[in-house]
Amino acid sequence: MVRGARQPQQPRSRLAPRLTGTVEKPPRKRRSRTEFALKEIMSSGGAEDDIPQGERKTVTDFCYLLDKSKQLFNGLRDLPQYGQKQWQSYFGRTFDVYTKLWKFQQQHRQVLDNRYGLKRWQIGEIASKIGQLYYHYYLRTSETSYLNEAFSFYSAIRQRSYYSQVNKEDRPELVVKKLRYYARFIVVCLLLNKMDVVKDLVKELSDEIEDYTHRFNTEDQVEWNLVLQEVAAFIEADPVMVLNDDNTIVITSNRLAETGAPLLEQGMIVGQLSLADALIIGNCNNQVKFSELTVDMFRMLQALEREPMNLASQMNKPGMQESADKPTRRENPHKYLLYKPTFSQLYTFLAASFKELPANSVLLIYLSATGVFPTGRSDSEGPYDFGGVLTNSNRDIINGDAIHKRNQSHKEMHCLHPGDLYPFTRKPLFIIVDSSNSVAYKVVHASQDRVL
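Note that the structure is predicted; figures quoted are calculated from it, not measured.

1. Concerning the overall build of the protein chain
A count of helices and strands for the protein chain gives 12 helices and 13 strands. Of all 452 residues assigned to the protein chain, the portion counted as buried reaches 48%.

Right under this line is the structure:
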């Protein structure tokens, strides 16, 4: 059962990557939706004066909450992509409005059906936005429990068939909303390792795409077919269902379970350093991915997380005062997921993580990228003489593939050299390089005693 949306507790982590999907710019100032709704009622045979005042106020309040929620949600795209506190207050206001909107439509469903003409796909759109908010909150805080909250709303949309009537309307933009909902739901299920649900969703999405392209003959058919190909390749490349010795299917996970924490080696002391932040960077050409998540990024982010728990068992019901002895929430290291970042983007996020890294904490950098090799022999053997890994250049990318220019020195403008990481060794740093030229980073040697 879908509950009222709960605003998550104030986080302590920073913003992750940009929002999944396209967020439209806030619309220009226009006539009130309430005015349109009332005029539609009058045109359907009633008179505006015949509407009881209480029902008129219900429609007015609903339209206000709906417009406000859309305005706040569209504003999420303008939030800073990094930093610890800049986004929290705005995100909290957005959660508050969607909580009120969701409860309001539940309490006044009959009036809204009769007077506003509320459609089921509109209810589904509200639930989908709440699911997106929980998912984005997971990205910002790395708290895996929010994935369960996103799943509950996405699952309710499917179970209650909120989008079932969309295909009967001659409005392709509504069908696109439905397709995007499926794509987002698949991402959440992948992160929760719900592979049975993923396979069902992929089949349903395939049928929906076929019907959509057949009915409307749209130009984005190739793009949606590419989405299907990506998720199929992703599932094949990272199978989480295996057979054990008893020939029964077992779901594997890279996340850390409460009972599966490794034992400390002899002589190790707890509490000296803790992993607080991580940059997970994927910039390999022709790599298996879905959305903006490559397979290697997917595996690494799970390795840095604990298994999710249901927030319902950890939090009181909405609207009730929280108890002082509420169980302490577990914290995962905060993560920035950077898919094909440019050098300037990578350096900006790295500097932000470095600046806000707490005391006695470690910053992890995971680099999975195409290697860049030196053009020739050099008289010196410094941190800029062995090449490095390639970062993205918008001018040099066509269909996701980097153009290797003949001018090798120009290509190295977009190379992350080992020496580029030296300023950040002033704090504890853990570097993992998965690249054909990972050997170049051996120059960051033991003399940098803050590098792990």
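2. Let's talk about unusual backbone geometry
Of note, the phi angle at Lys 340 is positive, near 50°, even though the residue is not glycine. Residue position: Lys 340 is located in the loop between strand E6 (334-339) and helix H11 (343-356). For Lys 340, a relative accessible area of 10% puts it in the buried group. The phi dihedral of Asn 360 falls on the positive side, at around 55°, and the residue is not glycine. Relative to the assigned elements, Asn 360 resides in the loop between H11 and strand E7 (361-369).

3. Points about the pattern of salt bridges
Applying the stated criterion to the full structure yields 12 salt bridges. For Glu 204, the salt bridge goes to Arg 158, with nearest N and O atoms at 2.9 Å. Here Arg 158 lies in helix H6 (residues 145-159) and Glu 204 lies in helix H8 (residues 195-216), a separation of 46 residues in the sequence. Residue classification places Glu 204 among the partly exposed residues on the basis of a relative accessible area of 25%. Asp 207 is the salt-bridge partner of Lys 203, the closest N and O atoms lying 3.6 Å from each other. Pair noted here: Lys 203 and Asp 207 are both in helix H8, with a separation of four residues, about one helical turn. In this structure Lys 203 comes out as exposed when scored by relative accessible area, which is 57%. In the salt-bridge network here, residues are joined through shared partners; they are Glu 125, Lys 129 and Lys 177.

4. With respect to the environment of Phe 298
Tracing the chain through its elements places Phe 298 in helix H10 (residues 295-303). Given a relative accessible area of 2%, Phe 298 falls into the buried group. Beyond its immediate chain neighbours, meaning those up to four positions away, Phe 298 contacts Leu 190, Leu 191, Asn 193, Phe 234, Asp 238 and Leu 293.

5. Points about the pairing of strand E3 (residues 274-283)
For a regular strand, side chains alternate in direction, first toward one face of the sheet and then toward the other. A large share of E3 lies buried, amounting to eight of its 10 residues. The pairing of E3 with E7 spans nine bridges and is classified as parallel. Opposite Leu 275, over in E7, you have Val 362 as the bridge partner. The sheet contact formed by E3 and E6 spans six bridges and is parallel. In the strand pairing of E6, Leu 279 is matched with Tyr 336.

6. Quick look at the confidence of the model for the protein chain
Residues of the protein chain with pLDDT of at least 70 account for 72%, and the chain-wide mean is 78. A low-confidence stretch, residues 10-31 (pLDDT under 50), is modelled with 66 contacts involving residues beyond four sequence positions or located in other chains. In this model residues 395-411 is a low-confidence stretch, pLDDT under 50, and it forms 22 contacts with partners more than four residues away in sequence or in other chains.

7. What to know about the sheet that holds strand E12 (residues 415-416)
A sheet is described by the order of its strands in space; here three strands give the open sequence E8-E9-E12, paired in antiparallel fashion. Only two strands of the sheet have a single partner each, and these edge strands are strand E8 (371-372) and E12. When strand E9 (residues 388-390) meets E12, the two strands line up antiparallel, connected through two bridges. Considered in E12, the bridge of Leu 390 is made with Cys 415.

8. Section: the sheet that holds E3
Ordered in space as E6-E3-E7-E13, the four strands form an open sheet in which the pairing is parallel. At either end of the open sheet lies a strand with only one pairing partner, and these are E6 and strand E13 (429-434). Neighbour-to-neighbour, the strand axes of this sheet turn through a mean angle of 10°, independent of strand direction. With six bridges connecting them, E7 and E13 associate as parallel partners. Its bridge partner lying in E13, Leu 363 is registered against Leu 429. Sheet strands touched by H11: E3, E6 and E7. Its angle to E3, the strand with the most contacts, is close to 175°.

9. Let's talk about the packing of aromatic side chains
One pass over the full model with this rule turns up 26 aromatic pairs. When the ring of Phe 151 is compared with that of Phe 185, the centres are 5.6 Å apart and the planes differ by 55°; the resulting orientation is tilted. In this pair, Phe 151 is assigned in helix H6 and Phe 185 in helix H7 (residues 172-191), connecting sequence segments 34 residues apart. A relative accessible area of 17% means that Phe 151 is categorised as buried. Measuring from centroid to centroid gives 5.6 Å for Phe 354 and Phe 424, while their planes differ by 75°, and the two rings are edge-to-face. In this pair, Phe 354 sits in helix H11 while Phe 424 sits in the loop between E12 and E13, placing the two residues 70 residues apart along the sequence. Residue class for Phe 424 comes out buried when judged on its relative accessible area of 6%. Seen from the ring of Trp 87, Arg 140 lies directly overhead, with NZ or CZ sitting 5.3 Å from the centre.

Conventions and cut-offs
- Residues numbered from 1 in each chain as written.
- Predicted model: local features only at pLDDT ≥ 70, side-chain atom pairs only at ≥ 80, totals over all residues.
- Heavy atoms only, no water.
- Helix = DSSP H or I, 4+ residues; strand = E, 2+ residues; numbered from the N terminus.
- Buried < 20%, exposed > 50% of the residue type's maximum accessible area, 1.4 Å probe, protein only.
- Salt bridge = Lys/Arg side-chain N within 4 Å of Asp/Glu carboxyl O.
- Contact = heavy atoms within 4.5 Å.
- Pairing = 2+ DSSP bridges.
- pLDDT = per-residue confidence, 0-100.
- Axes fitted to C-alpha atoms, helices over the stretch in contact; angles between N-to-C directions.
- Phe/Tyr/Trp six-rings, centres within 6.5 Å; stacked < 30°, edge-to-face > 60°.
- Lys NZ or Arg CZ within 6 Å of the ring centre and 35° of its normal.

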